[in-house]
2 protein chains.
Amino acid sequence: VRAGLEQALRDAVRTARLAPGVRLPSSRALAHDLGIARNTVADAYGQLVAEGWLVARQGSGTRVADRAPLVEQASSSPVAEQPPPRFDLRPGAPDLAAFPRAAWLAAARRALSAASDHALGYGDPRGRPELREALVAYLARARAVRVTPDRLVVCSGYTQGLSVLCEALRGRGATTLAMESHVLRDYREIVAARGLRLAPMTVDDEGAVVAEAGDADAMLLTPTHQFPLGAPLAPQRRTDAVRWAVEHRRLVVEDDYDGEFRYDRQPVGAMQGLAPEQVVYAGTASKTLAPGVRLGWLALPADLVDDVVEAKTLADRHSSTFDQLTLAQLIASGAYDRHVRRARLAYRRRRDRLVAALARDAPHVRVTGIAAGLHALVELPEDADEEELIARAAQRHGLALAGLAPYRAAGAHARGPALVVGYATPPEHAFTAAVARLVAALVERE
Amino acid sequence: VRAGLEQALRDAVRTARLAPGVRLPSSRALAHDLGIARNTVADAYGQLVAEGWLVARQGSGTRVADRAPLVEQASSSPVAEQPPPRFDLRPGAPDLAAFPRAAWLAAARRALSAASDHALGYGDPRGRPELREALVAYLARARAVRVTPDRLVVCSGYTQGLSVLCEALRGRGATTLAMESHVLRDYREIVAARGLRLAPMTVDDEGAVVAEAGDADAMLLTPTHQFPLGAPLAPQRRTDAVRWAVEHRRLVVEDDYDGEFRYDRQPVGAMQGLAPEQVVYAGTASKTLAPGVRLGWLALPADLVDDVVEAKTLADRHSSTFDQLTLAQLIASGAYDRHVRRARLAYRRRRDRLVAALARDAPHVRVTGIAAGLHALVELPEDADEEELIARAAQRHGLALAGLAPYRAAGAHARGPALVVGYATPPEHAFTAAVARLVAALVERE
């Protein structure tokens, strides 16, 4: 009874049904009204005075406090963030210690002082004009993407780009999306959650076997550097995929997540440049800057723009204005290109060191997928156990690793055991030690 | 033929199938191979040299240029942003000229220098711990919301919050969402796009008639200040809504979009505080700071957290890390509270001036919904024509206005003609003139 009374009074104060300053009935009067013991009421009043909801003053009875106390603050446990592993060679992120904080902050300052008040309101769902114009120039220059600002939609990362794209396709009657047999599992979940059926395509040394797309409505590819297997899509396959799309009026979605990072020769231009009306180009700042930026972009065929814009509008109206304006400044000032160039050099050096270390100290593994990107595939002997190796590396070496198995679609052809090694992940000072621990973990199983 | 050849060569260079520096066959040889006239080839080469794709040097023939030119840059028209109207009394945004730019930038600087590298990577889909902890304290203090950081999900604005919430509800088998008869049209579209049926509830002077929710799976309310009609939900209706949810184990979604702005007495606490396991509280920075911040938050019942987190993950993994860290700093430093307090005073003064001006100069209209928030309902005489008035105000007075009609759900009881006047929208210096123009537009129809 007492707990119930306390709660009722707390709620009444909290919701201002009992306004600040209001005098409560005496404990005797309330006990009488409620038909309960006077002590129960007195104890409840005392508890609430102690908690700060009520104030008791000699001679003026018990009143509602002027200000409700912080509610249940003490009981709310702080959110424990998982501490990062000591060494980390999992793929998916660039070296976060190399994020250009000073340049980002300077760009943010310039962006905010240049922005009109109007720019801080609700805006075009495609994104800030400043960013779309900067991206059009950048994508043409760096990735040979052919697009105009009105066909570019800025998204909150590629994840959202894929999500709104799937919604737009579904809305136009699409039912099936062909995807590489090995992709990030979340992407399969997004495609399924948006109501599309998945048709997996085998991935071999030349990338996806695009002929397996059959009569899917669209085909999703990572042509520059297959994720996670690492092969670039062979020239003939590129041509075949585009022809498939053009001839049947279907779509290719080009996930160019790490297209800026090509090491063995001049970067291959985006497939989108071959057929801008049949290829959706998707880029992201997650690998060039940091995933926390949460910005990506879609270069769209003209007849898909309205549907994607509608899906984006219903998803979140548009992406963060501040981040967009800041990235636009970063690109326009040249700082973005400089950062990407520096990162490319650094990651190529890391790749070379990884390949050399494994060739020398762990010759029983085979390293592939190294022409581009931020990760390599380390193929293990047939009898190796991915999960056991990953658990052992974590326990004995403080090293986080990712295996290939979780990327495989159900029913897709299984590959031998392998690690997907993200060599961009550690900070520069920890890279050598991380590779040494990888070698140790690989060798000790022998 | 020539255009086709040019395009094929451009594409080959763009995609690096013809690598930089590669020497092309002579025009004579290529013409022979393709069975076309030599002039056609020579003209195509000439055109591509002019465009910068190829380089012709005396004595060394025609080669692929070292760097592909900026593609179609010249033809991409800059994105024309719609200029804001000269005077604007439409609802939906606070005074953007009052956005605390210096405080925001200072908070961004502190946030970025305090952030670990790890924080810039992919993080908890619920949002940054710093922000969730700051919000828990703020919401308890300012809105009497009872929540812990693990049940708070930061979203990219309320739009996304509603979207992921609808997905989570749909995933649990919900089919129907009761909504107020008058709401933002986009919200009806989101609910429908996520597969839920809409059941409109009449709105009268006491807010939504919650008894009309019937056997809907959830009820969506704007209890502090109905948008757009302006009535606060009456105490009995609040209680009835919570009882409906508790008794039938259903949900109330409390859209507290402008709960910080209450003028006539102490703010009423959030309904969520009455029944945290049956009420989802939704807040946003769009009205307290600016829509461009694109941050909102959901305080969730324990058993709904996992489903909402899954939907949020598939929507965009998480919201902008920089904006989240900056907002956390802004709240923790007290600058957010100071800004809200200043804004509340300024908007109350504007409300009083608007009400006084209309009472004096346009007594034929009735102003309601003024106890809270950033907008008032200006009810027009029965025979007035909303659309005509809005068009005339724009044309003759450079004043943008919003009518009530577009907010009404199909089939819902129609209200008389009215304007939804957002008195927070103009910058301070333009407010007096905006109200004068509103009066002029209202009066000249007489």
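If you're wondering where the values come from, they're calculated on a predicted model, not measured in any experiment.

Let's shift gears to the overall build of chain A. Scanning chain A for helices and strands turns up 13 helices and 16 strands. Relative to its length of 446 residues, chain A is extended, with a C-alpha radius of gyration of 29 Å against a globular reference of 22 Å. Taken along the three principal axes of its C-alpha coordinates, chain A extends 90 × 55 × 45 Å. Burial statistics for chain A: of 446 residues in total, 60% are counted as buried. Counting contacts in chain A only where the partners sit at least 6 residues apart, residues at least 24 apart contribute 73% of the total. Here chain A displays about 17400 Å² of accessible surface, and carbon together with sulfur accounts for 51% of that area. Taking the 56 positively charged and 53 negatively charged side chains of chain A as two groups, their mean positions are separated by 6 Å.

Every contact between the two is made by 89 residues of chain A and, on the other side, 89 residues of chain B. Between chain A and chain B, a total of about 7400 Å² is buried, with carbon and sulfur atoms accounting for 58% of that surface. At the junction of chain A with chain B, the criterion picks out eight salt bridges. The partner of Glu167 of chain A in a salt bridge is Arg194 of chain B, and the shortest N-O contact between them spans 3.1 Å.

This part covers the relation of the copies chain A and chain B. Mapping chain A onto chain B calls for a screw motion: a turn of 180° about the axis and a shift of 0.1 Å along it, with 0.1 Å RMSD after fitting. Those values place the two copies in the arrangement expected of a two-fold rotation axis. Among all residues of chain A, the minimum C-alpha distance to the rotation axis is found for Ser320 of chain A, at 3.5 Å. An overlap of 100% is found between the interface residues of chain A and their copies at the interface of chain B, pointing to a shared contact surface.

Residues and elements named next belong to chain B. Of the pairings in the sheet, the one linking strand β1 (residues 54–57) to strand β2 (residues 61–64) comprises four bridges and is antiparallel in character. Directly across from Val55, in β2, lies its bridge partner Arg63. The hairpin formed by β1 and β2 contains three residues between the paired strands, and Gly59 there has a positive phi angle of roughly 85°.

Let us now look at a positive patch on the surface. Taken together, the side chains of Arg109 and Arg110 of chain A together with Arg109 and Arg110 of chain B define a basic patch exposed on the protein surface. Among the elements of the structure, α4 (101–114) of chain A together with α4 (101–114) of chain B are those that each provide at least two residues to the positive patch. Arg110 of chain A gets classed as partly exposed once you look at its relative accessible area, which sits at 36%.

What follows covers helix α9 (residues 305–316) of chain A. When the terminal C-alpha atoms of α9 of chain A are compared, their 16 Å separation across twelve residues agrees well with the 16 Å that a helix rising 1.5 Å per residue should span. Across the twelve residues that make up α9 of chain A, a large majority, nine, are buried. Residues of α9 of chain A that are buried: Val305, Val308, Val309, Ala311, Lys312, Thr313, Leu314, Ala315 and Asp316 of chain A. Looking at the buried side of α9 of chain A, the elements it contacts are β4 (152–155), α6 (157–171) and β12 (296–299) of chain A together with α6 (157–171), α7 (185–193) and α9 (305–316) of chain B. Immediately beyond the C-terminal end of α9 of chain A, within one or two residues, lies Arg317 of chain A, with a positive phi of roughly 70°.

Right, let's get into the side chain of Gln272 of chain B. Residue and element names in this part refer to chain B. Tracing the chain through its elements places Gln272 in the loop between β10 (251–255) and β11 (279–284). On the accessibility criterion, Gln272 (1% relative accessible area) is buried. Within the structure, Gln272 has its side chain in polar contact with the backbone oxygen of Arg146 (distance 2.8 Å). When sequence neighbours within four positions are dropped, the list of residues in contact with Gln272 reads Ala144, Val145, Arg146, Val147, Glu254, Val279, Tyr281 and Ala299.

On to the environment of Asp186 of chain B. Looking at the secondary structure, you find Asp186 of chain B in helix α7. Overall, the relative accessible area of 22% leaves Asp186 of chain B in the partly exposed class. Considering only alpha carbons, one finds Asp186 of chain B and Thr159 of chain B, 27 residues apart in sequence, at a separation of 8.5 Å. For Asp186 of chain B, the residues in contact, after removing those within four places along its chain, are Thr313, Leu314 and Arg317 of chain A.

Okay, the packing of aromatic side chains next. Given two aromatic rings, one states the distance between the centres and the angle between the planes to describe the pair. Under the defined criterion, the tally for this structure stands at 16 aromatic pairs over all chains. Three or more aromatic residues link up through ring pairs in this structure, and these residues are Phe99 and Trp104 of chain A together with Phe322 of chain B. The ring of Tyr122 of chain A is capped by Arg317 of chain A, whose NZ or CZ atom sits 4.7 Å from the centre of that ring.

A few words on the state of the cysteines. In a disulfide, the sulfur atoms of two cysteines are held together by a covalent bond. Residue and element names in this part refer to chain A. Following the criterion strictly, the structure yields zero disulfides over all chains and no others. Left without a disulfide partner, Cys155 is nearest to the cysteine sulfur of Cys166, which lies 12 Å away. Looking at Cys155, the relative accessible area reads 0%, which means it is buried.

All names here are of chain A. Taken together, the seven strands give an open sheet; going across it, the order is β4-β12-β11-β10-β9-β5-β6, and neighbouring strands pair in mixed fashion. Since the sheet does not close on itself, it has two edges, and those belong to β4 and β6 (197–201), each with one partner. Along the sheet, successive strands turn relative to each other by an average axial angle of 20°, direction set aside. In the sheet, strand β11 (residues 279–284) pairs with β12 via four bridges, with the strands oriented antiparallel. Pairing of Ala282 across the sheet is with Leu298, part of β12. Those strands touched by helix α7 (residues 185–193) are β5 (176–180), β6 and β10 (251–255), and its axis lies near 175° from that of β5.

Definitions and limits used
- Residues numbered from 1 in each chain as written.
- Chains lettered and ligands numbered in written order.
- Predicted model: local features only at pLDDT ≥ 70, side-chain atom pairs only at ≥ 80, totals over all residues.
- Heavy atoms only, no water.
- Helix = DSSP H or I, 4+ residues; strand = E, 2+ residues; numbered from the N terminus.
- Rg over C-alpha atoms; globule rule 2.2 N^0.38 Å.
- Buried < 20%, exposed > 50% of the residue type's maximum accessible area, 1.4 Å probe, protein only.
- Contact = heavy atoms within 4.5 Å.
- Areas by Shrake-Rupley, 256 points an atom, 1.4 Å probe, with all protein chains shown as cover.
- Lys, Arg positive; Asp, Glu negative; His and termini not counted.
- Charge placed at Lys NZ, Arg CZ, Asp CG, Glu CD.
- Buried area = accessible area lost by both parts, 1.4 Å probe.
- Salt bridge = Lys/Arg side-chain N within 4 Å of Asp/Glu carboxyl O.
- Least-squares fit on C-alpha atoms with pLDDT ≥ 70 in both.
- Pairing = 2+ DSSP bridges.
- Patch = residues over 30% accessible without salt bridge, like charges linked within 9 Å, V, L, I, M, F, W, Y side chains within 5 Å.
- Expected span 1.5 Å × (residues − 1).
- Polar contact = N/O pair within 3.5 Å; in protein donor to acceptor, adjacent residues only side chain to side chain.
- Phe/Tyr/Trp six-rings, centres within 6.5 Å; stacked < 30°, edge-to-face > 60°.
- Lys NZ or Arg CZ within 6 Å of the ring centre and 35° of its normal.
- Disulfide = S-S within 2.5 Å.
- Axes fitted to C-alpha atoms, helices over the stretch in contact; angles between N-to-C directions.

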